[in-house]
Amino acid sequence: PLVTGVQTCALPICLTLSRSVAVSLASTQSLGVGRFTLLEYDGVAVPSSFTLGTLPPRVLATLVHDTANTRLDLDVLGTGQLRWKGDASTLWNTGSAVDVGGAFNWFDTATSQVTNFVVGDRIAFDDTATGTAVTVDEIVSPAEITFANSAAGLTITGSGAIASGGITKTGTGT
C-alpha cells in the first residue's frame, strides 16, 4: 500500500519514492557525449523528484524525464580531457577543486583554458606539451591516462605515485 510518496510497481520490482532522489555519477571510466538510460518504467510516470547530483570533474550533463518513452535518461552534453602543457612548472599535483589550487599545467580540451588537475580527471600527454619533464611528489588519481606522444619524449619522476586510472599508449614516443 502507498503510504507516502509515489509507488511504481512492476513485478518483480517495486519502487517507492517518498522524497527527492539525487542521481550522482562517479565514473572511473571514460564517459562519452550522448544519452544514457538510467531507469525504465511501465505505467504511471515517474515523478520529477529526480534531481542531478554530483558528476565527475568537467562533465556537463542534464537529467531528462522522457515520459513519452517511460524512462529517465542522463544526457551528457560534454566532457573535458586535460592535456599536459607544463607551462607553469614541472609539477603535477592535485587541486582542491576545478581551478582551485594545484599547478595550472593542464589545458582543458572542452573549455580551451589552462587549468589544474583534480582527482578523477581524464588526462593526456601528447606532442603539444611545452614541458616534457613531469614531477609527481604526491599521490595523483586520474580516471584515465593517455600517452599520445611521438615527437617529444616524456619523463615522469618524483616521490609520489599515480594511484589509479587505466593507461593507453599510442604514438612512438617514450
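In short, a report on the structure. Going along each chain's sequence as written, the residues are numbered from 1 onward. pLDDT decides what is reported in this predicted model: residues at 70 or higher carry local features, side-chain atom pairs at 80 or more are listed and counted, and totals for whole chains, interfaces and linings draw on all residues regardless. Computation of side-chain values: all heavy atoms of the structure, hydrogens and water removed.

A short note on unusual backbone geometry
Here comes step 1: In the Ramachandran plot, threonine 70 falls in the positive-phi region, its phi being about 50 degrees despite a non-glycine side chain.
Here comes step 2: Looking at threonine 70, the relative accessible area reads 24%, which means it is partly exposed.
Here comes step 3: Of note, the phi angle at aspartate 99 is positive, near 65 degrees, even though the residue is not glycine.
Here comes step 4: Tracing the backbone through its elements, the reader meets aspartate 99 in the loop between strand S8 (82–84) and strand S9 (106–108). Exposure classes here rest on a 1.4 Å probe applied to the protein chains alone. A residue is buried below 20% of its type maximum, exposed above 50%, and partly exposed in between. Working definition: helices are DSSP H or I runs of at least four residues, strands are E runs of at least two. Numbering for both runs from the N terminus.

Topic: the sheet that holds strand S14 (residues 144–148)
Here comes step 1: Any two strands between which DSSP finds at least two bridges are classified as paired. The sheet built from six strands is open, its strands ordered S10-S9-S8-S11-S14-S17 with mixed pairing. Whereas interior strands pair on both sides, the edge strands pair on one side only; in this sheet they are strand S10 (113–115) and strand S17 (166–169). The mean angle between the axes of side-by-side strands here comes to 30 degrees, regardless of whether they run parallel or antiparallel.
Here comes step 2: Across five bridges, strand S11 (residues 122–126) lies against S14 in parallel orientation. Helix axes are fitted to C-alpha atoms over the stretch in contact, other axes to C-alpha atoms as well, and angles between N-to-C directions run from 0 to 180 degrees.

A look at empty space enclosed by the protein
Here comes step 1: Grid spacing is 1 Å over the protein atoms alone, the probe is 1.4 Å, and a cavity is where that probe fits but cannot get out, while a pocket is an open set with protein on both sides within 12 Å along at least five of seven lines and lining residues have an atom within 4 Å of a point. Grid points are joined across faces, edges and corners, and a volume is the space filled by probe spheres set on the points. Tallied over the full model, the rule gives two cavities of 30 Å³ or more.
Here comes step 2: Approximately 30 Å³ is the volume found for the second largest cavity.
Here comes step 3: As for the second largest cavity, its lining consists of Phe125, Asp126, Ala129, Thr132, Asn149, Ala152, Gly153 and Leu154.

Here's the deal with the packing of aromatic side chains
Here comes step 1: Pairing of aromatic rings covers Phe, Tyr and Trp, the last through its six-membered ring, and needs centres within 6.5 Å; plane angles under 30 degrees mean stacked, over 60 mean edge-to-face, and all others mean tilted. In total, this model carries eight aromatic pairs according to the counting rule given.
Here comes step 2: Note on tryptophan 106 and phenylalanine 117: the rings are 6.1 Å apart at their centroids and 40 degrees apart in plane angle, and the pair reads as tilted. Remark: phenylalanine 117 occurs in the loop between S10 and S11 and tryptophan 106 occurs in strand S9; sequence separation between them is eleven residues.
Here comes step 3: Three or more aromatic residues link up through ring pairs in this structure, and these residues are Trp84, Trp92, Trp106, Phe117, Phe125 and Phe147.

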